[in-house]
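Coordinates in review
Given next are the chains, with one letter for each unit.
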Amino acid sequence: MPAMQASIPLIAPESQLTRVAGISQMINSFCNIAGPALGALMIINFEMQWVLMLDVFGAAFAVTSLLFVTIPDPKPVAGKVPNIFREIKEGVTAITKKPGLGLVFLYSALVTFFLMPVSVLFPLMTLEHFGGTEFQVSLIEILWGVGALVGGGIMGAKVYKVNKAGLVNAMYLMTGISFLIPGLLGHDQFFWFAVLTAIGGITGSVYNSAFTAIVQTNVEPGALGRVFSMFFSLSLIPSTIGILGIGFFADNIGIANSFIVCGAIIFLIGSIAFMTP
């Protein structure tokens, strides 16, 4: 993923990066929706070894398709020997030397810390709070994917003349609301939970598209791979901690209250981000 994100600015015009990011989100969302359905169909109709071979064929097709794509290679600095610690430092430097970019990364990491744990509670929220069925659990997952698909389609449809940082902050607010309100809903209001889940999918996709475009337009192409690698790696740390702790948190205050607390904190982070110069 970091290599792909770093390659896009070398191919696409800077004015189209937000659109490209939106289209990428749309493709990922479609794969997340269609992949499980295709897997289930394959398992029902074919033996397991052929199901696993589909993954091999897909990877081979993807790698082969890259042979027909020309990706410009940023010129390496002469005399530099690859060193992981130096490259991490260069990635940090590339972020901090651009005013405001470090805060964009910080707010994103904080939102991820509270967003990822709640995402694993959706099935329990459906079953325990709303008294739903297995079908409704699947429906919620599908609606999130469809929302992300719609969000990617919106961002990929045209170039919008908006402040991308402001758009990211607005998505923080909307994502927080889409998590906070379900915790306040009654046990018989599953319909509105489903609606808010779809909205959350849309806002998440729009956020990812705008955030990716911000990084791609503010970091030199030669450092993008390091920056994205560092961000994705470091983002795993808070999200992993959050996922590990959410079980204890939900056991003590309840699943619905977990949605309320995490949604309110995400909304607060978005508000602070808006007030940051």
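This is a predicted model, so every value here is computed, not measured.

1. Describing the overall build of the protein
Summing up its helical and strand segments, the protein has 11 helices and zero strands in all. Ordered by position from N to C terminus, the α and β elements of the protein give α-α-α-α-α-α-α-α-α-α-α. Its C-alpha radius of gyration of 20 Å places the protein within 12% of the 19 Å reference for a compact globule of 277 residues. A principal-axis box enclosing the C-alpha atoms of the protein has dimensions of 65 × 55 × 35 Å. For the protein, the residues scored as buried account for 37% of the 277 residues in total. Taking the intrachain contacts of the protein between residues at least 6 apart in sequence as the baseline, contacts between residues at least 24 apart amount to 82%.

2. Some remarks on the side chain of Ser178
By the secondary structure assignment, Ser178 is in helix α8 (residues 164-184). Not counting residues within four places of it along the chain, the set of residues in contact with Ser178 comprises Leu196 and Gly200.

3. Looking at the confidence of the model for the protein
Confidence in the prediction for the protein averages 82 pLDDT; 92% of positions are at 70 or higher. For the protein, per-element mean pLDDT is lowest for helix α1 (residues 2-11), which scores 69, and highest for α8, which scores 92.

4. Some remarks on a nonpolar patch on the surface
Together, Ile142, Val146, Val150, Ile154, Tyr160 and Val162 make up a nonpolar patch on the protein surface, roughly 450 Å² of accessible area in all. Mapped onto the elements of the fold, Ile154 is located in helix α7 (residues 134-157).

5. A closer look at the environment of Asn163
With respect to the helices and strands, the residue Asn163 is situated in the loop between α7 and α8. For Asn163, a relative accessible area of 55% translates into the label exposed. Through-space distance from the C-alpha of Asn163 to that of Ala210 is 9.3 Å; in sequence the pair is 47 residues apart.

6. Re the environment of Ala210
Among the secondary structure elements, Ala210 is positioned in helix α9 (residues 190-218). For Ala210 and Pro36, which are 174 residues apart along the polypeptide, the C-alpha to C-alpha distance reads 27 Å.

7. Structural notes on the nonpolar core
Phe105, Phe193, Phe211, Val215, Val219 and Phe259 are the most contacted members of the largest nonpolar core, which has 47 residues in total. Among the elements of the structure, α4 (84-96), α5 (101-119), α6 (122-129), α7, α8, α9, α10 (221-253) and α11 (255-275) are those that each provide at least two residues to this core. Ranked by residue count, the leading element in this core is α9, at 10 residues. Not counting residues up to four positions away in its chain, the partners in contact with Phe259 are Val118, Leu121, Phe122, Met125, Phe179, Leu180, Pro182, Gly183 and Phe193.

8. Looking at the packing of α5 against α9
Helix packing for two helices is described by the angle between their axes and how far apart those axes are. The contact between α5 and α9 brings their axes to 11 Å, and the two run at 150 degrees. The orientation of α5 relative to α9 falls into the category roughly antiparallel. Viewed along their axes, α5 and α9 form a crossing whose handedness is left-handed. Residue-level inspection shows Leu101, Val104, Phe105 and Ser108 of α5 in contact with α9, the latter providing Tyr207, Phe211, Ile214, Val215 and Asn218. Residues that form the contact of α5 with α9 fall into these classes: seven nonpolar, two polar and no charged.

9. Comments concerning the packing of α6 against α7
α7 packs onto α6 with a crossing angle of 140 degrees between their chain directions and a minimal axis gap of 9 Å. Classified by the interaxial angle, the pair formed by α6 and α7 is oblique. Viewed along their axes, α6 and α7 form a crossing whose handedness is right-handed. Each of Phe122, Pro123, Thr126 and Leu127 in α6 lies in contact with α7, whose residues at this interface are Glu134, Gln136, Val137, Ile140, Glu141 and Trp144. For the contact of α6 with α7, the class distribution of residues is six nonpolar, two polar and two charged.

10. What about the packing of aromatic side chains?
Under the counting rule described, the total for this entry stands at 15 aromatic pairs. When the centroid spacing of 5.5 Å and the interplanar angle of 45 degrees are considered together, the rings of Tyr172 and Tyr207 count as tilted. Here Tyr172, found in helix α8, pairs with Tyr207, found in helix α9; they are 35 residues apart in sequence, far enough to count as distant. Neither Tyr172 nor Tyr207 differs from the other in exposure class; each is buried. Taken together, the ring pairs connect Phe122, Phe130, Trp144, Phe179, Phe190, Phe193 and Phe259 into an aromatic cluster.

Rules and cut-offs
Residues numbered from 1 in each chain as written. Predicted model: local features only at pLDDT ≥ 70, side-chain atom pairs only at ≥ 80, totals over all residues. Heavy atoms only, no water. Helix = DSSP H or I, 4+ residues; strand = E, 2+ residues; numbered from the N terminus. Rg over C-alpha atoms; globule rule 2.2 N^0.38 Å. Buried < 20%, exposed > 50% of the residue type's maximum accessible area, 1.4 Å probe, protein only. Contact = heavy atoms within 4.5 Å. pLDDT = per-residue confidence, 0-100. Patch = residues over 30% accessible without salt bridge, like charges linked within 9 Å, V, L, I, M, F, W, Y side chains within 5 Å. Areas by Shrake-Rupley, 256 points an atom, 1.4 Å probe, with all protein chains shown as cover. Salt bridge = Lys/Arg side-chain N within 4 Å of Asp/Glu carboxyl O. Core = buried A, V, L, I, M, F, W, Y, C linked by side-chain atoms within 4.5 Å. Axes fitted to C-alpha atoms, helices over the stretch in contact; angles between N-to-C directions. Parallel < 35°, antiparallel > 145°, perpendicular 65-115°, else oblique. Left-handed = near helix turned anticlockwise from the far one by under 90°. Nonpolar A, V, L, I, M, F, W, Y, C, P; charged D, E, K, R; others polar. Phe/Tyr/Trp six-rings, centres within 6.5 Å; stacked < 30°, edge-to-face > 60°.

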